[in-house]
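Notes for the structure review
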Amino acid sequence: MSLHTALVKIEEEKISSEKAKKFISSEKNGAESIFIGRVRNENSGKKVTAVTYDAHDQAVLKSFEMICSTAKIKFDNNAKIFLEHVKGYAPVGEISILIAVGSGHRDEAFKISRYILEEVKHQSPIWKKEHYVDGKEEWLPGHSLRPTKEIK
Amino acid sequence: MEIQLKLYGSSKILSDKDTLNIQLPNNSDIKKLRDILDKIISEKYSKSNLKSLPQTAAFFSERDEVINDSYKLRNKEFISIIPPIGGG
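Thresholds, definitions, all that
- Note that residues are indexed from 1 along each chain, following the sequence as it is written.
- As a convention, the first chain written is A and the first ligand written is 1, with the rest following in written order.
- Local features in this predicted model are restricted to residues of pLDDT 70 or higher, and side-chain atom pairs are both shown and tallied only at a pLDDT of 80 or more, whereas totals for entire chains, interfaces and linings draw on every residue.
- Water and hydrogen atoms play no part in the side-chain values, which are based on all heavy atoms of the structure.
- Cavity and pocket criteria rest on a 1 Å grid covering protein atoms alone: a 1.4 Å probe that fits but cannot get out defines a cavity, protein on both sides within 12 Å along at least 5 of 7 lines defines an open pocket, and an atom within 4 Å of a point defines a lining residue.
- Grid points are joined across faces, edges and corners, and a volume is the space filled by probe spheres set on the points.
- By definition, any uninterrupted DSSP run of H or I lasting at least four residues is a helix, any uninterrupted run of E lasting at least two residues is a strand, and each is numbered from the N terminus.
- The classification used treats Ala, Val, Leu, Ile, Met, Phe, Trp, Tyr, Cys and Pro as nonpolar, Asp, Glu, Lys and Arg as charged, and all other residues, Gly among them, as polar.
- Throughout, a residue-residue contact means that at least one pair of heavy atoms, one from each residue, lies within 4.5 Å.
- Buried area counts how much accessible surface, traced with a 1.4 Å probe, disappears from two parts once they are put together, with both parts' losses summed.
- We define a salt bridge as a contact between a side-chain nitrogen of Lys or Arg and a carboxyl oxygen of Asp or Glu at a distance within 4 Å.
- Think of a polar contact as two N or O atoms within 3.5 Å of one another; within protein, one of them needs to be a possible hydrogen donor and the other a possible acceptor, and neighboring residues in sequence only count if both atoms come from side chains.
- Working definition: rings of Phe, Tyr and Trp (its six-membered ring) pair if their centres are within 6.5 Å, and the pair is stacked with planes under 30 degrees apart, edge-to-face with planes over 60 apart, and tilted otherwise.
- A simple rule labels every residue: compare its accessible area, found with a 1.4 Å probe on the protein chains alone, to the largest value its type can have, and call it buried under 20%, exposed over 50%, or partly exposed in between.
- For a ring to carry a charge above it, either NZ of a lysine or CZ of an arginine must fall within 6 Å of the ring centroid while also lying within 35 degrees of the normal to the ring plane.

Brief notes about the layout of surface pockets
A volume near 400 Å³ is recorded for the largest pocket. For the lining of the largest pocket, the secondary-structure elements that each account for two or more residues are strand 7 (126-132) and strand 8 (137-139) of chain A together with helix 2 (53-56) of chain B. Here the lining of the largest pocket is composed, by residue class, of nine nonpolar, seven polar and four charged. Size it by volume and the second largest pocket reaches roughly 280 Å³. Surrounding the second largest pocket, 19 residues form its lining, Arg38, Arg40, Tyr53 and Lys128 of chain A together with Gly88 of chain B being those nearest its centre. Taken together, the elements giving at least two residues each to the lining of the second largest pocket come down to strand 2 (31-38), strand 3 (42-43), strand 4 (46-55), strand 6 (95-103), helix 3 (106-123) and strand 7 of chain A. Taken together, the residues of the lining of the second largest pocket break down into nine nonpolar, four polar and six charged.

Below, the structure written as structure tokens:
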């Protein structure tokens, strides 16, 4: 098995970098790249306490499979890829996304990791609601999946 | 006719529940649904950040595929509204 993707419900479990490292481990790897995205305590001058991630589960999982399979075809068919994204209420410091790649060479490992991150942001139906120190909260703007030619 | 709209992201402001039942004329399409959402938002949520939602949202069918404006809705159909995304 060379591909693992999941949407992790934070109230049930947390994303584990140890699990990711174990999954991509192989004697064939000359390079292993691990990208960790975390909830940070500031955005656009506002003090953030947490982020709630909402997701269309089935479509997200379908998109993860597609993105990772495409990454393998584009960069390294033998790569081992681990991709998990959190869903639910994640306090500051929590891992929101983890992309781990095991590949023969560093260039492919970096490229696959970057490709997956950018495509998840543009293809996977996931939304963020930030919670602020003052008690307010706000859904963040994002990338429309509506065909551009249809938008007025 | 009536459809069930499953709410995600910022569209959850439209209801305390996960879905919103919307009444439409028979043979309505997605474009008509956008018009009705625009009316609902203008009347009830004009002070929110939802003003652009009817134009920027995509819609998924029950098969989780993007459907275009000419897609004809069926009575009792279950549709998902997909506001602009931004995970990571």
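Anyway, onward from the coordinates.
Some details on the interface of chain A and chain B
Chain A puts 28 residues into the contact, and the matching count from chain B is 26 residues. Taken together, the two surfaces of chain A and chain B that pack against each other cover about 2300 Å², and 54% of this comes from carbon and sulfur. Inspection of the region where chain A meets chain B yields two salt bridges. Here lysine 12 of chain B and aspartate 54 of chain A are joined by a salt bridge, their closest N and O atoms 3.3 Å apart. Applying the counting criterion to the chain A and chain B interface returns 13 residue pairs in polar contact (both at pLDDT 80 or more).

Considering the packing of aromatic side chains
On inspection of all chains with the given rule, the structure shows three aromatic pairs over all chains. Ring plane angle 20° and centroid distance 5.4 Å describe the contact between tryptophan 127 of chain A and tyrosine 8 of chain B, whose orientation is recorded as stacked. With tryptophan 127 of chain A in strand 7 and tyrosine 8 of chain B in the loop between strand 1 (2-6) and strand 2 (19-23), this pair bridges two chains. Considered together, tryptophan 127 of chain A and tyrosine 8 of chain B belong to a single accessibility category, that of buried residues. Just above the ring of phenylalanine 23 of chain A sits the side chain of lysine 80 of chain A; from NZ or CZ to the centre is 5.6 Å.

By themselves these figures say nothing about function.
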